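In case you want the letters, here they are:
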Amino acid sequence: EAGELEILSYEDVFKPYYSVGTIAHFSDAKRYNDEKCIGFNISENGRYRIKTVPEENYSAVHLYDLDGYAYFPENSMELKSGLLMVSTYYDSDLVTDVTVIRIKSIDDLKELYNDCVALDSVTYETASWNTLKDVMNKVNEYIKAGKFDDTGIENWWNQLNTAKENLQLLPKPNPNPYPYY
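Here, residues in each chain are numbered from 1, in the same order as that chain's written sequence. It should be noted that, the model being predicted, local features are given only for residues of pLDDT at least 70 and side-chain atom pairs only at 80 or more, the latter also being counted only at that level, while totals for whole chains, interfaces and linings use all residues. Hydrogens are left out, water is left out, and the side-chain values use all remaining heavy atoms of the structure.

Trainee: What is the right way to look at the overall build of the chain in this model?
Mentor: The helix and strand inventory of the chain stands at four helices and 10 strands. Taken from N to C terminus, the helices and strands of the chain fall in the order α-β-β-β-β-β-β-β-β-β-β-α-α-α. For the chain, buried positions account for 35% of its 181 residues. When the accessible surface of the chain is split by element, carbon and sulfur atoms take 49% of a total near 11900 Å². Runs of E in the DSSP output that reach at least two residues are strands. Runs of H or I that reach at least four are helices, and both are numbered from the N terminus. Relative accessible area decides the class of each residue, using a 1.4 Å probe on protein chains only: under 20% of the type maximum gives buried, over 50% gives exposed, and in between gives partly exposed. Each accessible area is a Shrake-Rupley result for a 1.4 Å probe, and residues are judged covered by the shown protein chains and nothing else.

Structural data, given as structure tokens:
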């Protein structure tokens, strides 16, 4: 006879925890109180959103932190760092996958912009550098305009980050161009 399972911590129920941005599958979820449960580790306070598959089927998921506070899935939620429990009814297949996404802030965009400003153009190929500079100019205009929304910030952050990641380093010069002399 196995006896009863004593749960000392809700943290144990939801292990392993998923990271923000990772897709979790409810088919892999643990069962707890007739719900399929998944834990997400929220590493920092901030604004987040839930993405479900099928898309935006928010009514089928429930969100709780370890203090038992219930969140209503919306396009934007203020979450504090810690474990976020995401669940759906055990016999439901209204939602198959879920992920938690951190919403970029204007400070995130400014930080990325300043990182790009600090780069040295002489180490990169001209075409990739020009692409980055074009995006940087547009981001600078956006920041100066002072009219921010989540969609705009996310869009410009993604474009600037992509341009930065696509920078091509110039080949290193051969230290000995005449190896036979």
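Trainee: How do you make sense of the packing of aromatic side chains when you look at a structure like this?
Mentor: Given two aromatic rings, one states the distance between the centres and the angle between the planes to describe the pair. When the centres of two rings from Phe, Tyr and Trp lie within 6.5 Å, Trp using its six-membered ring, the rings pair. Their planes under 30 degrees apart give stacked, over 60 give edge-to-face, and anything left gives tilted. Applying the stated rule across the entire model yields four aromatic pairs. An angle of 40° between the planes, with centres 5.8 Å apart, marks the rings of Tyr18 and Phe40 as tilted. Here Phe40 lies in strand β4 (residues 35–42) and Tyr18 lies in strand β1 (residues 18–19), a separation of 22 residues in the sequence. What makes Phe40 buried here is its relative accessible area of 0%. Members of the aromatic cluster, connected to one another through ring pairs, are Tyr142, Phe148 and Trp156. Criterion for a charge above a ring: Arg CZ or Lys NZ at most 6 Å from the ring centre, at most 35 degrees from the ring normal. Against the face of Trp157 rests Lys104, its NZ or CZ located 4.2 Å from the ring centre.

Trainee: I'm lost on the packing of helix α2 (residues 106–117) against helix α4 (residues 150–165) in this one. Help?
Mentor: Packed helix pairs are specified by the crossing angle of their axes together with the interaxial distance, meaning the distance between the axes. Axis definition: a line fit to C-alpha positions, over the contact stretch in the case of helices; interaxial angles, taken between N-to-C directions, run 0 to 180 degrees. Contact pair α2 / α4: the axes reach a minimum separation of 10 Å and the direction vectors enclose 25°. The angle between α2 and α4 falls in the class roughly parallel. Of the two possible hands of crossing, α2 and α4 adopt the one that is left-handed. The segment α2 lies against α4, with Ile106, Asp108, Leu109, Leu112, Tyr113, Asp115 and Cys116 engaging Ile153, Trp156, Trp157, Leu160, Asn161 and Lys164. Three classes are used, and their members are as follows: Ala, Val, Leu, Ile, Met, Phe, Trp, Tyr, Cys and Pro are nonpolar, Asp, Glu, Lys and Arg are charged, and the others, Gly among them, are polar. Residue composition of the contact of α2 with α4, grouped by class: nine nonpolar, one polar and three charged. Orientation labels follow simple angle bins: below 35 degrees gives roughly parallel, above 145 gives roughly antiparallel, 65 to 115 gives roughly perpendicular, and whatever is left gives oblique. A clockwise turn of the near helix away from the far one marks a right-handed crossing, whereas an anticlockwise turn of less than a right angle marks a left-handed crossing. Note on contacts: a residue pair qualifies if any of its non-hydrogen atoms lie within 4.5 Å across the two residues.

Trainee: Would you mind showing me how to read the sheet that holds strand β8 (residues 77–79) here?
Mentor: Each strand in a sheet pairs with another by means of backbone hydrogen bonds, the pair being arranged parallel or else antiparallel. Any two strands with at least two DSSP-identified bridges between them are counted as paired. Here we have four strands laid out as an open sheet, ordered β2-β10-β5-β8, and antiparallel in their pairing. If you trace the sheet from one side to the other, it starts and ends with β2 (24–25) and β8, each paired once. Note: β2 against strand β10 (residues 97–102), two bridges, orientation antiparallel. Following the sheet pairing, His25 is matched in β10 by Asp97.

Trainee: I keep staring at unusual backbone geometry and nothing clicks. Help me out?
Mentor: It is generally the case that most residues other than glycine have a negative phi and that most peptide bonds are trans. Here Val53 and Pro54 are connected by a cis peptide whose omega angle stands at -5°. Within the secondary structure layout, Pro54 lies in the loop between β5 (46–53) and β6 (62–65).

Trainee: Looking at this structure, how should I read the pattern of salt bridges?
Mentor: Should the charged atoms of two oppositely charged side chains come close, the side chains can pair. Only one rule defines a salt bridge in this text: a Lys or Arg side-chain nitrogen within 4 Å of an Asp or Glu carboxyl oxygen. A full pass over the atoms with the stated rule returns four salt bridges. Residue Asp150 pairs with Arg47 through a salt bridge whose shortest N-O separation is 2.4 Å. With Asp150 in helix α4 and Arg47 in strand β5, this residue pair connects regions lying 103 residues apart in the sequence. Overall, Arg47 belongs to the partly exposed group, its relative accessible area being 26%. Look at the salt bridges and you will find they share partners, linking Glu44, Arg102 and Asp108 into a network.

Trainee: Sorry, what's going on with the pairing of β5 here?
Mentor: Along any regular strand, the residues point their side chains to alternate faces of the sheet. Sheet topology note: the β5/β8 ladder contains three bridges and is antiparallel. Counted as the bridge partner of Tyr48 is Met77 from β8.

Trainee: Explain the nonpolar core here, please?
Mentor: Judged by nonpolar contacts, the single largest core of 20 residues is most densely connected at Phe40, Ile50, Leu84, Val86 and Val98. Those elements that provide at least two residues to this core are β4, β5, β8, β9 (82–89) and β10. Counting residues per element, this core draws most heavily on β4, at three residues. Leave out the neighbours within four places in its chain, and Val86 touches Phe26, Lys36, Cys37, Ile38, Phe40, Val61, His62, Leu63 and Val98. Joining through side-chain atoms within 4.5 Å is the link that ties buried Ala, Val, Leu, Ile, Met, Phe, Trp, Tyr and Cys residues into a set, and such a set is a nonpolar core. By size, the runner-up hydrophobic cluster in this structure holds 19 residues, among which are Trp129, Tyr142, Trp156 and Trp157.

No statement about biological role is implied by the geometric values presented.
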